[in-house]
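# Chains, contacts and geometry: an overview
Listed below are the residues making up each chain.
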Amino acid sequence: MECCEFVEVHQDLLKIVKETLPDEVTLYNLAELFKVFGDSTRIRILYVLFEAEVCVCDLAQALNMTQSAISHQLKILKQNKLVKSRREGKSVFYSLADGHVRTIIAQGREHVEE
């Protein structure tokens, strides 16, 4: 790794960084959010939800997984406000929480496909 040959602190740049750097709680919450995207099963679930509001049965069938495994991942996605649910009779349907979820995934995909 390359390093500076001598130490020179650029106070004007550090001042800008300190003024614009989010607080520790915000940085922690952001890191936790990105951890949620670190599981390919959750990404697959989100891709299904891009297309339609679906129940656990549909997700399990579409992804060739058990309902229990899907439910576990949906719980994590819901806790992190990435998906929402609504009950209709005995069924619970899941959908994306908002448009930000699609944007985050689209930008991540664009980055990895560069």
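Since the model is a prediction, treat every value here as computed from it, not as a measurement.

The final tally for this structure, using the stated rule, is two aromatic pairs. Seen from their ring centres, phenylalanine 34 and phenylalanine 37 are 6.3 Å apart, and the 50° between their planes marks the pair as tilted. We classify phenylalanine 34 as partly exposed; its relative accessible area is 47%.

Right, let's talk about unusual backbone geometry for a bit. Even without being glycine, asparagine 64 reaches a positive phi, approximately 55°. Positionally, asparagine 64 belongs in the loop between helix H4 (56-63) and helix H5 (67-79). With phi around 60°, lysine 81 is a residue other than glycine that occupies positive phi space. Relative to the assigned elements, lysine 81 resides in the loop between H5 and strand S2 (83-88).

Where strand S1 (residues 54-55) and strand S3 (residues 91-96) come together, two bridges link them in antiparallel fashion. Residue pairing for S3: valine 54 is matched across the bridge by tyrosine 94. Summarising the sheet, S2 and S3 pair through six bridges and their orientation is antiparallel. Bridge pairing in S3 links glutamate 88 to serine 91. From the end of S2 to the start of S3, which pair antiparallel, there are two residues, and glycine 89 there has a positive phi angle of about 65°.

With that out of the way, let us pick up helix H6 (residues 99-112). Under the 1.5 Å per step criterion, the end-to-end length of H6 is 20 Å for 14 residues, consistent within 8% with the ideal 20 Å. Its side-chain oxygen placed 2.9 Å from the backbone nitrogen of histidine 100, aspartate 98 serves as the N-cap of H6.

Residue placement: arginine 42 occurs in helix H3 (residues 40-51). Despite its burial, arginine 42 pairs with no opposite charge, the nearest such side chain being aspartate 39 at 4.2 Å. With sequence-adjacent residues up to four places away left out, arginine 42 is seen in contact with Lys35, Val36, Gln73, Ile76 and Leu77.

Angle between the axes and distance between the axes are the two parameters that describe a pair of packed helices. Where H3 contacts H5, the axes come no closer than 10 Å and their chain directions differ by 80°. By the criterion of interaxial angle, the relationship of H3 to H5 is roughly perpendicular. For the pair H3 and H5, contact is made by Thr41, Arg42, Ile45 and Leu46 and by Ile70, Gln73, Leu74, Ile76 and Leu77, respectively. Here the contact of H3 with H5 is built from residues that sort into six nonpolar, two polar and one charged.

All chains considered together, the criterion is met by zero disulfides. You can see cysteine 3 has no disulfide; the closest cysteine sulfur is in cysteine 4, sitting 7.2 Å from it.

Moving on: the pattern of salt bridges. Scanning the model with the defined rule gives five salt bridges in all. As a salt-bridge pair, lysine 15 and glutamate 19 come within 3.4 Å of each other at their nearest N and O atoms. One end of the pair, lysine 15, and the other, glutamate 19, are both in helix H1 (residues 11-20), four residues apart, so they sit about a helical turn from each other. Assessed through its relative accessible area of 57%, glutamate 19 is described here as exposed. Glutamate 113 serves as the salt-bridge partner of arginine 109, at 2.9 Å between the closest nitrogen and oxygen.

The rules behind these values
Residues numbered from 1 in each chain as written. Predicted model: local features only at pLDDT ≥ 70, side-chain atom pairs only at ≥ 80, totals over all residues. Heavy atoms only, no water. Phe/Tyr/Trp six-rings, centres within 6.5 Å; stacked < 30°, edge-to-face > 60°. Buried < 20%, exposed > 50% of the residue type's maximum accessible area, 1.4 Å probe, protein only. Helix = DSSP H or I, 4+ residues; strand = E, 2+ residues; numbered from the N terminus. Pairing = 2+ DSSP bridges. Expected span 1.5 Å × (residues − 1). Polar contact = N/O pair within 3.5 Å; in protein donor to acceptor, adjacent residues only side chain to side chain. Lys, Arg positive; Asp, Glu negative; His and termini not counted. Salt bridge = Lys/Arg side-chain N within 4 Å of Asp/Glu carboxyl O. Contact = heavy atoms within 4.5 Å. Axes fitted to C-alpha atoms, helices over the stretch in contact; angles between N-to-C directions. Parallel < 35°, antiparallel > 145°, perpendicular 65-115°, else oblique. Nonpolar A, V, L, I, M, F, W, Y, C, P; charged D, E, K, R; others polar. Disulfide = S-S within 2.5 Å.

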